[in-house]
Amino acid sequence: MAAFISPASSLRLKPFSTLRIFSLLPIKPFFHNSPQTLISPTLISPLLSPPRRRLSSLISATVKLPETEKVGEFKKRLRISDIKGGSDEGLGRVGERLVVRGWVRTIRVQSSVTFIEVNDGSCLSNMQCVVSSEAQGYDQVEAGCIATGASILVEGVIVGSPGSKQKIELKVDRVETVGKSDSSFPIQKKSVSREFLRTKAHLRPRTNTFGAVARVRNALAYATHKFFQENGFVWIASPIITASDCEGAGEQFCVTTLIPTSSEAVGSSAATIPKTKDGLIDWSQDFFGKPAFLTVSGQLNAETYATALSDVYTFGPTFRAENSHTSRHLAEFWMIEPELAFADLNVDMACATAYLQYVVRYILENCKEDMDFFNTWIEKGIINRLNDVAEKDFVHLTYTEAVDLLLKANTKFEFPVKWGCDLQSEHERYITEKAFGGCPVIIRDYPKDIKAFYMRENNDGKTVAAMDMLVPRVGELIGGSQREERLDFLENRLDELNLNKESYWWYLDLRRYGSVPHAGFGLGFERLVQFATGVDNIRDAIPFPRSPGSAEF
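Parameters and conventions
- Residues numbered from 1 in each chain as written.
- Predicted model: local features only at pLDDT ≥ 70, side-chain atom pairs only at ≥ 80, totals over all residues.
- Heavy atoms only, no water.
- Helix = DSSP H or I, 4+ residues; strand = E, 2+ residues; numbered from the N terminus.
- Buried < 20%, exposed > 50% of the residue type's maximum accessible area, 1.4 Å probe, protein only.
- Areas by Shrake-Rupley, 256 points an atom, 1.4 Å probe, with all protein chains shown as cover.
- Expected span 1.5 Å × (residues − 1).
- Polar contact = N/O pair within 3.5 Å; in protein donor to acceptor, adjacent residues only side chain to side chain.
- Pairing = 2+ DSSP bridges.
- Contact = heavy atoms within 4.5 Å.
- Axes fitted to C-alpha atoms, helices over the stretch in contact; angles between N-to-C directions.
- Core = buried A, V, L, I, M, F, W, Y, C linked by side-chain atoms within 4.5 Å.
- Parallel < 35°, antiparallel > 145°, perpendicular 65-115°, else oblique.
- Nonpolar A, V, L, I, M, F, W, Y, C, P; charged D, E, K, R; others polar.
- Salt bridge = Lys/Arg side-chain N within 4 Å of Asp/Glu carboxyl O.

Chemist: Tell me about the overall build of the protein chain, residues and numbers included.
Modeler: Per the secondary structure count, the protein chain includes 17 helices and 16 strands. In the protein chain, which comprises 553 residues, the share counted as buried stands at 46%. Accessible surface for the protein chain amounts to roughly 29500 Å². Of this, 52% is attributable to carbon and sulfur atoms.

Here it is in structure tokens:
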């Protein structure tokens, strides 16, 4: 009965209606002709029907649902990219009446007509709007309400444009100011540096460069999911807070509640942090009962699901407390990390190659206007460079062969080269840009002493089954390995690096219960955006960069 009076869709009852329902339920007295029954004679027929039907009739007799309007149908709004896209650049829409909403890029007031360039962010192109003094709302132009940065709505008819920069324009008969912009708007028609725009990260997507970067970044993210989904991978949400260090480098942000909350942190005393008798921080009183950190990688967690679902991938934010001010490092960045069960390093390299070529082809085919912009204004030749990646076979060589190649190079490097050293960006770029003429290069079998604990040891005892993919302009773009699936080897490696095995108990369990050969790789998404757009500073490849001394916005 309780289940019945809690219907699947909520009912809004009139006052006391529930009470009325319950007062009618004791039907036994009715069948004994009890004079005290509360059931109306008009309800005798419903009560003689089958129970479910009878009670439904009872509810309908006492509850009247209010009349409400239906939620309107959602429809995609017509955008400038829809109007001007296509091979005819909008000529097929000449004569159509349209409404355009967006932000004013420029406004030119002339004696008889005003030209307003409007952009809605859907594409690089603006919509040139021609507004005469007869247009409804023209008084807003005269009053100066419509200025660079303002948001407006314009309605009119598409006509052919006599100008050389566009094939169509909007002949406006109604203009409406949605949001004003005063003269302090910092992004005017004149050129400003990217360094300056980093201080205006909340406004910089309104520029051509950062609007284009945002659209290509979006396309790369979509293509990433598309590639893995089409190949049978399952997306996994890996945790942001962790108690383990995937890379073993110790460059992690600590997550703690032992210090005051954000509203109290400024000016608080360190003496408030609880300590043990030995004077050490008492982590048992912290939120998680032990030290916890922001993750540097979702790989270890992805491995757990790969041993159940076979092929999985993560795509999410990661963090590294590396005090680096270079153009190549961020404190917060996104990582793409697939894991493949029943796979070795060769399968891993094949997957990484197929993935990179897939996403590069995708942006070349679907972001043509933005890529032409980058090719003209950011890096001349970028389209040819990306076409090489999409079409050429990748070069494979071992770490030992790469070191020999560098030692024979007629080039003086800032960082000396020897077997066992960690290759620097200058070494990686020389190999891919100079030695192999812009072709991507995969280097494999690195010394185990410079690689992470989870990489599978090769038979020589000196190297591990690891690989790095190098691309022009960036250097290392992808790093991967076959994972160590042998329990005894993994435990020995943790001991060698003085890592606490108790923190990795669950990771070791994967080797106890149905361990399989498996492999995977990691790709810093912002480096991919850099590679695809040509921007030379990684802080311009993410909407709100986090770096030492900078956590604005």
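Chemist: So, helix H10 (residues 345-366): which residues are in play, and what are the values?
Modeler: Between its first and last C-alpha, H10 extends 32 Å over 22 residues, near the 32 Å set by a 1.5 Å rise per residue. Regarding H10, its N-cap is Asp 344, as a side-chain oxygen of that residue lies 3.1 Å from the backbone nitrogen of Asn 346 further along.

Chemist: Please provide a residue-by-residue account of the sheet that holds strand S10 (residues 311-319), values included.
Modeler: With respect to topology, 8 strands assemble into an open sheet ordered S6-S10-S11-S16-S15-S14-S13-S12, the strand pairing being mixed. Of all strands in the sheet, those with a lone pairing partner are strand S6 (234-235) and strand S12 (395-398), marking the two edges. Where S12 lies against strand S13 (residues 441-447), 4 bridges are found, and the strand directions are parallel. Bridge assignment links Thr 398 to a residue of S13, and that residue is Arg 444. Across the sheet, helix H9 (residues 299-309) touches S6, S10, strand S11 (332-341) and strand S16 (518-524), and the angle it forms with S11 is around 25 degrees.

Chemist: Describe in detail the nonpolar core, supporting the description with residues and values.
Modeler: Of all hydrophobic cores here, the largest spans 56 residues; its most connected members are Leu 356, Leu 528 and Phe 531. Of all the elements, H10 adds the most residues to this core, at 12 residues. What Phe 531 contacts, discounting residues up to four positions off in sequence, is Leu 356, Val 360, Ile 382, Arg 385, Leu 386, Val 389, Val 471, Pro 472, Val 474 and Leu 477. Leu 300, Ile 443, Val 464 and Ala 466 belong to the second largest nonpolar core, which has 32 residues in total.

Chemist: Can you break down the packing of helix H13 (residues 399-407) against helix H14 (residues 425-435) residue by residue, with the values?
Modeler: One way to put it is that H13 packs onto H14 with a least axis distance of 11 Å and a crossing angle of 80 degrees. One element, H13, and the other, H14, form an angle in the roughly perpendicular class. Within the contact between the two elements, H13 uses Ala 402, Leu 405 and Leu 406 and H14 uses His 427, Tyr 430, Ile 431 and Ala 435. Grouping the amino acids of the contact of H13 with H14 by side-chain chemistry returns 6 nonpolar, 1 polar and no charged.

Chemist: Outline the sheet that holds strand S4 (residues 151-160), supporting the account with residue identities and numerical values.
Modeler: Strands sit in the order S1-S2-S3-S5-S4 around a closed barrel of 5 strands; the barrel is mixed. When the angles between neighbouring strand axes are averaged without regard to direction, this sheet yields 55 degrees. Where strand S3 (residues 127-136) lies against strand S5 (residues 168-179), 4 bridges are found, and the strand directions are parallel. Bridging from a neighbouring strand, Val 130 pairs with Lys 171 of S5.

Chemist: Explain the pattern of salt bridges residue by residue, including any values.
Modeler: Two side chains that carry opposite charge are able to pair once their charged atoms sit near each other. Taken as a whole, this structure holds 28 salt bridges when the rule is applied. One salt bridge in this structure joins Asp 536 and Arg 194, with 3.7 Å as the shortest N-O distance. Taken together, the residues Asp 536 in the segment after helix H17 (525-533) and Arg 194 in helix H7 (residues 194-198) connect sequence positions 342 residues apart. With relative accessibility at 24%, the residue Arg 194 sits in the partly exposed group. Note that Glu 491 and Arg 512 form a salt bridge whose closest N and O atoms lie 3.8 Å from each other. Linking Glu 491 in helix H15 (residues 487-496) with Arg 512 in helix H16 (residues 505-512), this pair joins segments that are 21 residues apart in sequence.

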